[in-house]
Amino acid sequence: MDLKCLISFCFLFALTFIFLRLRLCSPTINILKFINDARKRESILLSSIGDGVVAIDRELKVTLWNKSAEKITGLKENDVMGKSFRDFVKFIREQDRTENIVFIEEAMVLGRVGFMQNHTVLINKDGQDIPIGDSAAPIFDDDGRVIGVIIVFRSTAKEREDQSLRSDFTYASHQLNT
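To start, this report covers the structure provided alongside it. (Residues numbered from 1 in each chain as written. Predicted model: local features only at pLDDT ≥ 70, side-chain atom pairs only at ≥ 80, totals over all residues. Heavy atoms only, no water.)

Re the overall build of the protein
Along its length, the protein carries six helices and seven strands. Helices and strands in the protein line up, N terminus first, as α-β-β-α-α-α-β-α-β-β-β-β-α. Counting over 178 residues, the protein shows a buried share of 27%. Taking as baseline every contact in the protein between residues at least 6 positions apart, the subset at least 24 positions apart corresponds to 45%. (Helix = DSSP H or I, 4+ residues; strand = E, 2+ residues; numbered from the N terminus. Buried < 20%, exposed > 50% of the residue type's maximum accessible area, 1.4 Å probe, protein only. Contact = heavy atoms within 4.5 Å.)

Below you can see the structure in the form of structure tokens.
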């Protein structure tokens, strides 16, 4: 066999090997692309939620932190991920200024959705009180054990302002009628 034939044979063998390799790897590549695309969609959906969404594990370490949580708290995801939730997020009862995490404990310990008490504030990164509301839900593993909690919260400042305006209007209307 001359050198030209040997080179052609090796080239053809290499092309065949590459083709077969790509053909065999194609399903794997498609699966990885599908998984990557699904993660991107989930990230977009999570970023689009207007409420703060935070997930914590059994040790109260932050495992998820969306853009709205950043906006409400003033804390960036990379500053809180993997760290203790209680070191960064302070839910406080307005009337006695004590910590209000009973709704999170209900979800973690009892495995049921817990709701935040009315008149709860979150102290943001700048030390401001942000009136908030919402809930915490348990995260279960395949065996039904609670492995963490999803906490959802939103600012209720606008709602409070609207309620105050309605109360003022009602009072003014009453005064005009008497």
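Remarks on the packing of aromatic side chains
Here the structure, examined in full by the defined rule, presents three aromatic pairs. Considering the side-chain rings of phenylalanine 85 and phenylalanine 91, the 6.0 Å spacing of their centres and the 50° angle between planes classify their relative orientation as tilted. Taken individually, phenylalanine 85 and phenylalanine 91 each receive the classification buried, so the pair is uniform in this respect. Taken together, the ring pairs in this structure connect Phe85, Phe91, Phe103 and Phe153 into an aromatic cluster. (Phe/Tyr/Trp six-rings, centres within 6.5 Å; stacked < 30°, edge-to-face > 60°.)

Concerning the pairing of strand E7 (residues 146-155)
As paired elements, strand E1 (residues 52-57) and E7 share six bridges and run antiparallel to each other. Paired with glycine 52 across the strands is phenylalanine 153, a residue of E7. Sheet analysis places strand E6 (residues 129-140) next to E7, joined by nine bridges and oriented antiparallel. The residue of E7 that forms the bridge with aspartate 134 is phenylalanine 153. Counting the residues that bridge the hairpin from E6 to E7 gives five residues, and of these glycine 144 lies at a positive phi of roughly 85°. (Pairing = 2+ DSSP bridges.)

Side note on the pattern of salt bridges
This model, assessed by the stated rule, comprises five salt bridges. Salt bridges linked by common partners bring Asp141, Asp143 and Arg145 together as one network. (Salt bridge = Lys/Arg side-chain N within 4 Å of Asp/Glu carboxyl O.)

Brief notes about the nonpolar core
Ile56, Phe85, Phe91, Ile104, Ile151 and Phe153 are the most contacted members of the largest nonpolar core, which has 25 residues in total. Discounting residues that sit within four places of it in the chain, phenylalanine 153 has contacts with Asp51, Gly52, Val54, Ala69, Ile72, Thr73, Phe91, Met116, Leu122, Ile132, Gly133 and Asp134. (Core = buried A, V, L, I, M, F, W, Y, C linked by side-chain atoms within 4.5 Å.)

Points about the pairing of E6
In terms of strand pairing, strand E4 (residues 114-115) meets E6 through two bridges, oriented antiparallel. Counterpart to glycine 114 in the pairing with E6 is alanine 136. Here strand E5 (residues 120-123) folds back onto E6 in antiparallel fashion, the turn holding five residues, of which glycine 127 has a positive phi close to 85°.

Details of a nonpolar patch on the surface
A contiguous nonpolar patch, built from Ile31, Leu32, Phe34 and Ile35 and spanning about 420 Å² of accessible area, is present on the exposed surface. The topology assignment puts phenylalanine 34 in helix H1 (residues 3-48). Take phenylalanine 34: its relative accessible area is 58%, and that puts it in the exposed class. (Patch = residues over 30% accessible without salt bridge, like charges linked within 9 Å, V, L, I, M, F, W, Y side chains within 5 Å. Areas by Shrake-Rupley, 256 points an atom, 1.4 Å probe, with all protein chains shown as cover.)

Comments concerning the side chain of arginine 93
In this fold, arginine 93 is placed in strand E3 (residues 90-93). The side chain of arginine 93 is buried and forms no salt bridge, while aspartate 96, the nearest opposite charge, is found at 4.7 Å. Beyond its immediate sequence surroundings of up to four residues, arginine 93 is in contact with Thr98, Glu99, Asn100, Val102, Gln117 and His119. (Lys, Arg positive; Asp, Glu negative; His and termini not counted.)

A look at unusual backbone geometry
The residue leucine 60 is not glycine, and still its phi comes out positive at about 70°. Tracing the sequence through the fold places leucine 60 in the loop between E1 and strand E2 (62-65). Leucine 60 gets classed as partly exposed once you look at its relative accessible area, which sits at 23%. One non-glycine residue, aspartate 134, lies in positive phi territory at about 140°. Relative to the assigned elements, aspartate 134 resides in strand E6. Note on aspartate 134: relative accessible area 24%, which makes it partly exposed.

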